[in-house]
There are 2 protein chains.
Amino acid sequence: MVPAVSADCSSTSFTPLVVLELASDTKQEAIAWLLSRIRDPHQNGGIELLVEQLGLGDGGSEKENPNLFLVGAKWQRLLSGAEEVGLFKEFSDGSMRGFTCANKHNFKHFEGDGDSFLSMAECQYIIKHELDTLRAKDETHVPGHPQAKLYPGKSIIRRLLSKGVLIQVFPLHEKEELKRLSYSWYQKIKLSFQPLDDIRRYYGEGQALYFGFLEYFTFALVPMALIGVPYYLFDWENYDKYVVFAVFNLVWCTVILELWKRFSTSLAYSWGTLSRKKAFEEPRPGFHGVLGFNPVTGREEPLYSNTKRQLCVYLVSLPFVLLCLYLSLYVMMIYFLMEGWALSVHDEEPTFWTRVLLFIPSIIYAVVIEIMNLVYRYAAEFLTEWENHRLESSYQNQLILKVLVFNFFNCFASLFYIAFAMQDMALLRQSLATLLITSQILNQIMEAFLPYWLQRRRNKKMMRKVQKRKAVAEAELPLAEQVRLEADMSTYLGTFDDYLELFLLFGYVSLFSCVYPLAAVLVVLNNITEVYSDAFKMCRVFKRPFSEPAANIGVWQLAFEAMSVIAVVTNCSLIGMSPQVKAYFPESETQLILWTVAIEHGLLAFKFILSFIIPDVPKHIQIKLSRLEFESLEALKKKRQLYVVGKCLKPRSSQRGSSEEKRR
Amino acid sequence: MVPAVSADCSSTSFTPLVVLELASDTKQEAIAWLLSRIRDPHQNGGIELLVEQLGLGDGGSEKENPNLFLVGAKWQRLLSGAEEVGLFKEFSDGSMRGFTCANKHNFKHFEGDGDSFLSMAECQYIIKHELDTLRAKDETHVPGHPQAKLYPGKSIIRRLLSKGVLIQVFPLHEKEELKRLSYSWYQKIKLSFQPLDDIRRYYGEGQALYFGFLEYFTFALVPMALIGVPYYLFDWENYDKYVVFAVFNLVWCTVILELWKRFSTSLAYSWGTLSRKKAFEEPRPGFHGVLGFNPVTGREEPLYSNTKRQLCVYLVSLPFVLLCLYLSLYVMMIYFLMEGWALSVHDEEPTFWTRVLLFIPSIIYAVVIEIMNLVYRYAAEFLTEWENHRLESSYQNQLILKVLVFNFFNCFASLFYIAFAMQDMALLRQSLATLLITSQILNQIMEAFLPYWLQRRRNKKMMRKVQKRKAVAEAELPLAEQVRLEADMSTYLGTFDDYLELFLLFGYVSLFSCVYPLAAVLVVLNNITEVYSDAFKMCRVFKRPFSEPAANIGVWQLAFEAMSVIAVVTNCSLIGMSPQVKAYFPESETQLILWTVAIEHGLLAFKFILSFIIPDVPKHIQIKLSRLEFESLEALKKKRQLYVVGKCLKPRSSQRGSSEEKRR
């Protein structure tokens, strides 16, 4: 996959994979120390990688940071690294197995030297892993930077990052590969699926699963949209038939989430991340505490009391979140006041402008919601950072939980209020439409076009500078300029925001689409543009992210399932409130409610039973997995039996004889 | 643990562990073949165990089956077997690790030869496992029994069992050990806990977990019982205060189940079954199908279409279960007719006898329910057998599901009907009391006293026979008679019925104890006698069962959790129906119901959040587990790095040189 070293970028003698950017005021002794640690062989505690300083480009100005370093590795090093990180690759019999150097020739696509066996993203992931595991030996601090303390076993790169000596570590794009990917991904208008395997090869499994989920979700919405259109066109004011729609909604939510689990398992299996064991997780770079001994590893590292963290969570973060929820409620009430005022103005003297005015409060509210979400997001990040979680995964889970609850509340509180407190379906429909459309437009602008515009400006400036100096005819930038350009690109912050957006869209559709069937259509349209804009931003706007091995969409699966449970409750209530159902119980409202509640409980029970009955792993993959497990059990047994015959029984029986002699 | 071969039972030259009973009409050539297969060394496909025929006793009569065989093994064989089954034992550093012969001396309590390292139950488990893995080589059938077909890789013992050639395989009791265990367990009246570790050593983890759960459940009920007594004594007719009781009930159910998970994890860790990997599961003995190749193992074995089985389940079993439920409803209606008749008789002319008559329908109904449960149980076993499940575990799960649903319905339908359709709390209380007391009395009789009485008769007969012949002064039976006596004992059918009983008791308490607070007291009393009667029947009535490694109570945890969800719904409804709560909403029943439903949903959500927040594994065990995992990861990494340095890099680089030469 990785092109051989091209002749024109003469400054490097190997394929550069990853870039390290050190602060421009880093001491020379620190640089020399770091480079030698990276280059040192394993025996001396190094990681045996290749590393070289990037030239200043052609007549680079003083303003440019000279401390950019290119990291690469020999093929053999990468292969042994692949074994170390536990990469799964396709075996000659079609199953996925952990790669080992010992039987590398039995893996599919391993040809000759194996120099096209690993994709560049995999190579970059291996390099990142190796860099992360570069540990201090007996240094007490980084040479020349006495404030950056080290102790044996501490990850050097993480310490440098947290002390600001190391500004960033990022993998390089592959120009050719990227061009090919972006062509097949978003540049040609087509009705085919996304090239998930190519995305995975270029960006890793985490990204590919997100795009897979986005696509799956879009296709799953199509039946809803198809049913929604005639409802919208022919029954605009007739809520009665929405009952059927709501029931469909319920079943659909459960089924698509269960099927997604199966689909994602298939994907993860074919990408080799399903059976892959998680590596031991290191503390996050920002984690601090009193020096002590980790009870698990026995290493000296900062420890932080769990009780203290829980106190922070329950006594500070929780009240803060509740306060924010209260604030959000307050803003909602102001919105309803405005809404009422606009309506009274319109009722007094209805003109075209007052009709427009009717939409103004919703639009303002939608914008305010987006702003509140944004501000809250920063507060949540600050709080979660302050809670000082030891592991990145628990940090992420806490952050997701905080942001999810607030976003859910912020986006849906007004809709719940309109639906159940005001019981005004016309207003509900109008608010839903306004919220949906406004937030979509805002999102697309904030997410893709704004960053792209900023990026383009920077890009052009760089181009102009280079051309001024060198008058390059072709648009190809030399490696040094390319690296500097990429170093200036924005950093992709992960799939968090993308999933959050999908989560809220899923909420709009599953909770309320029975009163506004066009919601599904709007979401489908949004998702289609989302695929393109997300693909575009991944390829053109952001630095290439390190690939993130993932076997599923993690905590988001849970979030979507929780939403589908809430959807059952909401839809049942909406059904119970519909005039058609009310007509069945003309004399007694109590009867109506009791029936609604009973049916709702039945549906919830059915939902749980369904999620038990539908197996999460498709049959053919289950067979493959158990075959592997069976084979390893058999191999173990054989090894043991050989061992037992060879070592255990024979010396034992002689020992036995001697001990029996002793007894006598 | 196992006593050395006692001098008096001169017929055997090794410690007998397990007994094989073959049918008395088994051909001599079949016996000779089986014995030689058992004795053969590994290289010849045997399992290297010791086996000897049991003598006919002193002047045995012709009626006795001569084909009883004692199986044992050498210590070294048992140790290697322990490694093969993946037994976890305590390591010298206090952690639990898989036993290996290689570093056996690093395990705690491994002294000298290690002949007291394994408990007798563990030895018997190993022997059973070895017997189960005795596989056919190229025999086409059992010699002398052409109807018992064999094919390569088929488990011989399972085939012999399913063809009736082998009548039973059972482990022997240890007289001394049993005496000690039964003394500390149930013979001394005490307030201490059960000797769970001793129970586990003698009967295995499955049994010990059951008794652990029984004890835990009893203690967990004590607060309920303590609160229940004053409610019963002082507020007999005052439902109002039961609201507090019901709320307590709710929280209590969730909390005890979550805490049990933690407790059972601790137990399983200290017994070494928590991290133990499951062995590959063989098909059940009764499984049949068309011969084909197993996609997982690649072995030739009977295959049975999954679709066919699912059709059986959904088209036959499911309708049958529904039919039975309908029948049960029908019986319930008859009970209510009887109840009404008895009431009318009492109302007409109330005497002492009519007061007694009032209880008669409930008692009859309780007896009928027990009988229906029993009959249904046989039907469910037949049906599940007929569904032809491949694995014992899926057979068990299907059977448990069928029996659970019916038992739940059968026991609780009438109570639900009284509570919610008739809304008659006095009747509910009376029915609950009658059902609870009757079923307890019936259970204790059926479970312990009846089998004990039968066993005692047999025991005495045997004693008389022996004494007649030999006039042994002491009550000690010689080995041959002891084995024959145990062979005649009833077989313990597993913990199914015991758990089922606890499940129903849990239902009575959690669902309805707010209207009959004495239920908890009754259940506590029942549980205390249950401990004694269960212990008694394990020690005196039944054959010793093979120990069953278990890490938790399996599907029963799920069943209890489902019950606690139902309990939330039921208690909320009962609260909503209470006069005190009704008084808060004097004008609107709708408001009352809506509030009840809202609170119920809140409680359910709280319940799920609680079960997420409370970690299933206690912190100190989590640390131990991750330390083990960390160590194995580190060991693997070191091994790989050594390997990489030694094998991967060096030959590679020379190859690389040659391939580069080729390119030029």
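Residue positions within a chain follow its written sequence, with the count starting from 1. By the order in which they are written, chains take letters starting at A while ligands take numbers starting at 1. The model is predicted, so local features are restricted to residues of pLDDT at least 70 and side-chain atom pairs to those at 80 or more, both for listing and for counting; the totals for chains, interfaces and linings are taken over all residues. Hydrogens are left out, water is left out, and the side-chain values use all remaining heavy atoms of the structure.

Starting at the N terminus, helices and strands are each numbered in turn, a helix being any DSSP run of H or I of at least four residues and a strand any DSSP run of E of at least two. A count of helical and extended segments in chain A gives 19 helices and ten strands. Two residues qualify as a contact provided that any one of their heavy atoms is within 4.5 Å of a heavy atom in the partner residue. Of the contacts formed within chain A by residues at least 6 apart in sequence, a portion of 73% connects residues at least 24 apart. Method for areas: the Shrake-Rupley scheme with a 1.4 Å probe, in which residue coverage is limited to the protein chains shown. Approximately 31400 Å² of chain A is accessible, and the part contributed by carbon and sulfur atoms is 64%.

A few words now on the confidence of the model for chain A. All names here are of chain A. The predictor reports its confidence for every residue as pLDDT, a score running from 0 up to 100. Per-residue confidence for chain A gives a mean pLDDT of 82, with 89% of residues at or over 70. Counted against residues more than four places away or in other chains, residues 1-11, with its pLDDT under 50, gives 17 contacts. Predicted confidence for residues 644-664 stays below pLDDT 50, and this span has 20 contacts to residues more than four positions away or in other chains.

Moving on: the sheet that holds strand S1 (residues 18-22) of chain B. All names here are of chain B. Strand order in this open sheet of four strands is S2-S3-S1-S8, and the pairing throughout is antiparallel. Every other strand in the sheet has two partners, leaving strand S2 (50-53) and strand S8 (166-171) as the edge strands with one partner each. Going across the sheet, the axis of each strand differs from the next one's by a mean of 20°, ignoring polarity. One ladder, built from four bridges, connects S2 with strand S3 (residues 68-72); its direction is antiparallel. Bridged to valine 51 within S3 is valine 71. Axis definition: a line fitted to C-alpha atoms, limited for helices to the stretch in contact. Angles are taken between N-to-C directions and run from 0 to 180 degrees. Sheet strands touched by helix H1 (residues 28-39): S1, S2 and S3. Its angle to S2, the strand with the most contacts, is close to 155°. Against the sheet, helix H3 (residues 120-132) engages S1, S3 and S8, with an angle of about 40° to S1. One bridge is not enough; two strands pair if DSSP finds at least two bridges between them.

Time to look at the UniProt feature "transmembrane region" (unreviewed entry) in chain A. UniProt tags residues 208-233, 239-260, 311-338, 358-379, 399-420, 432-454, 502-525 and 592-614 of chain A as "transmembrane region" (unreviewed entry). Helix makes up 96% of residues 592-614 of chain A and strand makes up 0%, while its end C-alpha atoms are separated by 32 Å. UniProt positions are given in the numbering used here, feature names are shortened, and annotations may be inferred rather than shown by experiment.

Right, let's get into helix H11 (residues 392-422) of chain B. All names here are of chain B. With 31 residues, H11 extends 43 Å between its outermost C-alpha atoms, agreeing within 8% with the 45 Å of an ideal straight helix rising 1.5 Å per residue. Across the chain, bend at a residue is computed as the angle between axes fitted to the seven residues ending at that point and the seven starting from it. Of all bends in H11, the biggest is about 45°, found at phenylalanine 412. Glutamine 423 lies just past H11 and shows a positive phi near 50°. One less than the residue count of a helix, multiplied by 1.5 Å, gives the span that helix is expected to have.

This part covers the sheet that holds strand S3 (residues 68-72) of chain A. Residue and element names in this part refer to chain A. The strand order across the open sheet built from four strands is S2-S3-S1-S8, with neighbouring strands paired in antiparallel fashion. Each end of this open sheet is capped by a strand with a single partner; those strands are strand S2 (50-53) and strand S8 (166-171). Averaged over all neighbouring strand pairs, the angle between strand axes comes to 20°, with direction disregarded. Pairing between strand S1 (residues 18-22) and S8: five bridges, direction antiparallel. Along S8, the bridge assignment pairs leucine 20 with valine 169. Across the sheet, helix H1 (residues 28-39) touches S1, S2 and S3, and the angle it forms with S2 is around 155°. Where helix H13 (residues 479-488) meets the sheet, it contacts S1, S3 and S8, and its direction lies at approximately 110° from that of S8.

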